[in-house]
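Structural description and commentary
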Amino acid sequence: MSTSLGPDWKALAAAQKIELTETARERLEGLSKTLLGLRGLIDWTEEPAQIFQLAASQEDSAE
Amino acid sequence: MTVLEAAAALRRKQLSSVELTVQCLARIEKHNPDLNAFITITASTALAEARKADEELTLGLDRGLLHGIPLAHKDLFCTHGVRTTSGSKVFSSYIPNFDAAVVERLREAGAIMVGKTGMHEHAYGITSNNPHFGAVRNPWDPQRIPGGSSGGSAVAVATGMALMATGTDTGGSIRVPAAYCGITGLKPTFGRVSKFGALPLGFSLDHVGPMTRDVRDAAAMLQAMAGYDRRDQTSADQPVPDFMPPLGEISLQGLRIGLPQNFFFEKLDPQVDNAVHFMAYTAQDLGAELIDIRVPDGHQLNVLAQVTLLAEAASVHEPYIRKQRSSYGDDVRTLVDMGRVLPATDYLQAQRLRKRILGVYLDLLKQVDCFLVPAVPIAAPLIGQNEIAIDGQMEDTRLATTRLVRGFNALGLPVLSMPAGFSRDGMPLGCQIVGRPWDEALLLQIGAALEDRTGHVKRLPPGFPPA
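First, a word on scope: everything that follows refers to the structure included in this document. (Residues numbered from 1 in each chain as written. Chains lettered and ligands numbered in written order. Predicted model: local features only at pLDDT ≥ 70, side-chain atom pairs only at ≥ 80, totals over all residues. Heavy atoms only, no water.)

**Describing the overall build of chain B**
Summing up its helical and strand segments, chain B has 14 helices and 15 strands in all. In terms of C-alpha radius of gyration, chain B reaches 20 Å, essentially the compact-globule figure of 23 Å for 467 residues. Once the C-alpha set of chain B is aligned to its principal axes, its extents read approximately 60 × 55 × 45 Å. Counting all 467 residues of chain B, 67% fall into the buried class. Once local pairs closer than 6 in sequence are excluded, the contacts in chain B between residues at least 24 apart make up 77%. (Helix = DSSP H or I, 4+ residues; strand = E, 2+ residues; numbered from the N terminus. Rg over C-alpha atoms; globule rule 2.2 N^0.38 Å. Buried < 20%, exposed > 50% of the residue type's maximum accessible area, 1.4 Å probe, protein only. Contact = heavy atoms within 4.5 Å.)

Structure (structure tokens):
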């Protein structure tokens, strides 16, 4: 069962037939929580599904 | 001996490429059993290539500064007819039928491959303590790690087993071993050097770059490695400038160097703090203006980079780990497993946030020309040391080692890693100079100015006199 707003890591791992260590679960939990806390910075109008290219990002930032 | 010194000696006929190659091979024979820097040694082909290089020079065909210079390739660059393991059991018998782009380019520049270097398994870690090929050892103290993942490349260069080496950097894998072994490493701008034929780890984080004794050697090597390659989808069609810093004292007059007041100078061994500040004051003495800045939260940026790497590396390893699970070392298998359960939404949010933070950094780089920060918060830890005390607090060794480097992979900015001094017990300490996209030439110029003034580069590991 999930212990927070984040995913149930144990169940996700079991679905892939993987056993995660406690340390690995804690790290994933920590990463996910930090990401959740950063949602306020996201520009929801931006299209994320693109190959990361610095030149393109630079142009965006100059706009 | 540096690449530039060797190049000059070759042209003065004081030395031949064969003699230089024999010297490197002799060092490999003598020291590799203890340091384990090489997985494969290509002595016979190296000598044949060296003879050809000498003949070409005699005939007046000069391919430039790297002509006839012994080189080591990290063992994840595909080399035609030569085993390419990626430090793994999975690829332990893989013999490519083509060369990676940088292997091609460096060969065209006349470099002589003496072998393939040891590394962290699949480049997924920073110790180079490899479960299949054994631990690579730090020549400054063989009980300590050389850093990774390009650990063998750093050791080869630090000890003169090769005069230069290739490396890859997905989360610090050039800059960390450079710092721990007291050499120079450059992570170029994302897209500057082709990744074609480099076995991948993180598609959007992998960078290919030079590892050398000093800054001018790194410039010479980057000159040969850089340039657009249509075979690499992320390669950038950018002009390649002259990277070589001038000889003689370089003034830094008019340059604005940013010193972050948050994150980068927190939780450091005080010796690292002192060494990097000494470099900053040296830059000031050479004419630069030091400017206090505040950077976006480094912990948050590291999280974005970690999420990105976990997902991308899991995608790369998915087909192999399903069938050859037992062929992976414990640490790498755990990381791949973590990536396999990470939600796709987390990966995509990380990409959105990454772009946003890059914008903030690019704005900061309008106020200053570069940042000067530590490369690693400590000197090289002991082999097998999982936790380390920094300023009285225990920290996971891997997370501590990558804390100051990882974020720049997510941003794609160019970063030069170079020696900043030494600890009381004689271990190298490193700093990073971080610049604007495509501005490697400026970083190399600043690095050369600091190197000329401080002379850190002249100090060699004990027992490894100059060639």
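**Brief notes about the environment of leucine 413 of chain B**
All names here are of chain B. With respect to the helices, strands and loops of the structure, leucine 413 is situated in the loop between helix H13 (407-411) and strand S14 (415-422). Among the residues examined, leucine 413 registers a relative accessible area of 0% and is labelled buried. Along the chain, leucine 413 and threonine 189 lie 224 residues apart, while their C-alpha atoms are 5.1 Å from each other. If we ignore the near neighbours within four places in the chain, the residues touching leucine 413 are Lys187, Pro188, Thr189, Leu358, Tyr361, Leu362, Leu365, Phe408, Val434, Gly435 and Pro437.

**What about helix H7 (residues 215-225) of chain B?**
All names here are of chain B. With ten of its eleven residues buried, H7 lies for the most part within the structure. For H7, the full list of buried residues reads Val215, Arg216, Asp217, Ala218, Ala219, Ala220, Met221, Leu222, Ala224 and Met225. Two or three places before arginine 216, at the opening of H7, aspartate 214 has a side-chain oxygen 3.4 Å from that residue's backbone nitrogen. Once H7 ends, the next one or two residues include glycine 227, with phi positive near 135°. (Polar contact = N/O pair within 3.5 Å; in protein donor to acceptor, adjacent residues only side chain to side chain.)

**Considering the pairing of strand S9 (residues 256-260) of chain B**
All names here are of chain B. The buried fraction of S9 amounts to four of the five residues, a majority that puts the element mostly inside the structure. Relative to strand S10 (residues 289-293), S9 runs parallel, the two being bridged by five bridges. The partner of arginine 256 across the bridge, within S10, is glutamate 289. Handedness of the crossover is the feature at issue here: the chain leaves S9, passes through helix H8 (residues 270-285), returns alongside S10, and the resulting connection is right-handed. (Pairing = 2+ DSSP bridges. Right-handed = clockwise from strand over helix to strand, strands pointing away.)

**Side note on the sheet that holds strand S8 (residues 207-212) of chain B**
Each strand in a sheet pairs with its neighbour through backbone hydrogen bonds, running either in the same direction (parallel) or in the opposite one (antiparallel). Residue and element names in this part refer to chain B. Strand order in the open sheet made by the eleven strands is S1-S3-S2-S6-S8-S7-S14-S15-S11-S9-S10, with mixed pairing throughout. In this open sheet, the two strands that pair with only one neighbour each are strand S1 (38-41) and S10. Direction aside, the axes of adjacent strands within the sheet are offset by 30° on average. Sheet analysis places strand S6 (residues 164-169) next to S8, joined by six bridges and oriented antiparallel. By the bridge assignment, threonine 166 is partnered in S8 with proline 210. Relative to S8, H7 is tilted by about 140°, and along the sheet it contacts strand S2 (70-74), S6, strand S7 (184-187), S8 and S14. (Axes fitted to C-alpha atoms, helices over the stretch in contact; angles between N-to-C directions.)

**Details of the side chain of threonine 166 of chain B**
Residues and elements named next belong to chain B. Relative to the elements of secondary structure, threonine 166 occurs in strand S6. A polar contact is formed between the side chain of threonine 166 and the backbone nitrogen of lysine 74, at a distance of 3.1 Å. Non-local contacts of threonine 166, meaning those with residues more than four positions away in its chain, are made with Leu71, Ala72, His73, Lys74, Phe77, Val102, Leu106, Ser153, Gly209, Met211, Met221 and Met225.

**Focus on the interface of chain A and chain B**
The figure often quoted for interface size is the accessible area lost as the parts come together. With 31 residues of chain A in contact, the opposing surface of chain B contributes 43 residues. Roughly 3,500 Å² of surface becomes buried between chain A and chain B when both sides are summed, with 67% attributable to carbon and sulfur atoms. At the junction of chain A with chain B, the criterion picks out one salt bridge. Broken down by secondary-structure element, the contributors of at least two residues to the side of chain A that touches chain B are helix H1 (9-15), helix H2 (22-37) and helix H3 (54-62) of chain A. Per-class residue counts for the side of chain A that touches chain B are 18 nonpolar, eight polar and five charged. (Buried area = accessible area lost by both parts, 1.4 Å probe. Salt bridge = Lys/Arg side-chain N within 4 Å of Asp/Glu carboxyl O. Nonpolar A, V, L, I, M, F, W, Y, C, P; charged D, E, K, R; others polar.)

**Thoughts on the packing of aromatic side chains**
Residue and element names in this part refer to chain B. One pass over the structure, following the stated rule, counts eight aromatic pairs over all chains. Consider the rings of tyrosine 361 and phenylalanine 408, whose centres lie 6.2 Å apart with planes at 85°: the pair is edge-to-face. Of this pair, tyrosine 361 sits in helix H11 (residues 344-367) while phenylalanine 408 sits in helix H13; the two residues are 47 residues apart in sequence, bridging distant segments of the chain. (Phe/Tyr/Trp six-rings, centres within 6.5 Å; stacked < 30°, edge-to-face > 60°.)

**Topic: helix H9 (residues 298-323) of chain B**
Residue and element names in this part refer to chain B. The terminal C-alpha atoms of H9, which comprises 26 residues, lie 37 Å apart, in line with the 38 Å expected from a rise of 1.5 Å per residue. A bend of about 60° at histidine 317 is the largest found in H9, and the proline proline 319 appears one to four places after it. Here H9 starts with a cap whose side-chain oxygen sits 2.7 Å from the backbone nitrogen of histidine 299, and that cap is aspartate 297. (Expected span 1.5 Å × (residues − 1). Bend = angle between axes of the 7 residues up to and from the residue.)

**Here's the deal with the packing of helix H4 (residues 101-108) of chain B against H7 of chain B**
All names here are of chain B. Between H4 and H7, the least distance of the axes is 8 Å, while the angle of their chain directions is 110°. By the angle between their directions, the pair H4 and H7 is classed as roughly perpendicular. Remark: the crossing between H4 and H7 carries right-handed chirality. Counting all contacts with H4, which are made through Val102, Arg105 and Leu106, the residues of H7 involved are Met221, Ala224 and Met225. The residue makeup of the contact of H4 with H7, split by class, is five nonpolar, no polar and one charged. (Parallel < 35°, antiparallel > 145°, perpendicular 65-115°, else oblique. Left-handed = near helix turned anticlockwise from the far one by under 90°.)

**Structural notes on the packing of H7 of chain B against helix H14 (residues 440-454) of chain B**
Axis angle and axis distance: for two packed helices, these are the angle between their axes and the distance between the axes, and together they describe the pair. Residue and element names in this part refer to chain B. Across the interface, H7 lies against H14 with an axial gap of 8 Å and an inter-helix angle of 155°. Put simply, H7 runs roughly antiparallel to H14. Along its contact with H7, which presents Val215, Arg216, Ala218, Ala219 and Leu222, the element H14 presents Glu440, Leu444, Gly447, Ala448, Glu451 and Asp452. Of the residues in the contact of H7 with H14, the class split is six nonpolar, one polar and four charged.

Any link to function would need more than the numbers given here.
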